[in-house]
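Observations on the model geometry
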Amino acid sequence: MQENLKGRRVLVTGAASGIGAAIAARFTRAGAVVAGLDLETSPGVVCPLVADLRSDAQLDAAFEIAAGSIGLPDIVVHAGALLPRGGILGPAPPDWCGG
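Residues numbered from 1 in each chain as written. Predicted model: local features only at pLDDT ≥ 70, side-chain atom pairs only at ≥ 80, totals over all residues. Heavy atoms only, no water.

**Some remarks on the pattern of salt bridges**
Test applied: Any carboxyl oxygen of Asp or Glu that lies within 4 Å of a side-chain nitrogen of Lys or Arg is treated as forming a salt bridge with it. Put simply, DSSP H or I for four residues or longer makes a helix, DSSP E for two residues or longer makes a strand, and each gets a number counted from the N terminus. The buried label goes to any residue with under 20% of its type's maximum accessible area, the exposed label to any with over 50%, and the partly exposed label to all in between, with areas taken from a 1.4 Å probe on protein chains only.
Under the counting rule described, the total for this entry stands at 3 salt bridges. With a shortest N-O distance of 3.4 Å, D74 and R9 are connected by a salt bridge. Placement of D74 in the loop between α2 (56-70) and β4 (75-78) and of R9 in strand β1 (residues 9-13) is noted, with a sequence separation of 65 residues between them. On the basis of relative accessible area, D74 is assigned to the partly exposed category, the value being 36%. In this structure R9 comes out as partly exposed when scored by relative accessible area, which is 27%. Three or more residues joined by partner-sharing salt bridges are found here, namely R8, R9 and D74.

This is the structure:
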């Protein structure tokens, strides 16, 4: 990753934990202004956003807040995911669509 991202705006989904949190932290260390979106508050980001990726209304609201707080993102990283019931190899098909 480029070491100097000062002034760049980044939106990371899944930023509250795991790979998403690590990605958000790395962008922050590189000088970027980071908005973190997840089901729970993302620590260590300038703009923590709480939203469910399966809800268009929540995503629209979160993106409006992010744009008002940090501006339109230069970089978007989608690291958010939900593990379906039964694990990745055995979910019922409706689980993949949030139903």
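**Some thoughts on α2**
As a reminder of what qualifies: A helix is expected to span 1.5 Å multiplied by its residue count minus one. Note: the arc covers the axis-to-C-beta directions of the helix. The criterion used for residue contact is that any of the two residues' heavy atoms lie within 4.5 Å.
The end-to-end C-alpha distance of α2, which contains 15 residues, comes to 21 Å, matching closely the 21 Å that a straight helix rising 1.5 Å per residue would cover. Turning to α2, its buried residues number three or more, namely L59, A62, A66 and I70. The arc that holds every buried residue of α2, seen down its axis, measures 65°, which confines them to one face. Of the residues in α2, the exposed ones pointing more than 90 degrees away from the buried face are A57, D60, E64, I65 and G68. Close packing links the buried residues of α2 with β1, β2 (33-38) and β3 (47-50). Of the residues trailing α2, G71 is marked for its positive phi of about 95°.

**A word on the sheet that holds β1**
What counts is decided by this rule: Two strands form a pair only when DSSP identifies at least two bridges running between them. Angles run from 0 to 180 degrees between N-to-C directions of axes, and those axes are lines fitted to C-alpha atoms, restricted for helices to the stretch in contact.
The 4 strands lie next to each other as β3-β2-β1-β4, forming an open sheet whose pairing is parallel. The open sheet terminates on both sides in strands that have one partner only, identified here as β3 and β4. Adjacent strand axes in the sheet meet at a mean angle of 15° when their direction is disregarded. Here β2 pairs with β3 via 4 bridges, running parallel. Bridging across to β3, G36 finds its partner in P48. The strands touched by helix α1 (residues 18-29) within the sheet are β1, β2 and β4, with β1 carrying the most contacts at an inclination of about 170°.

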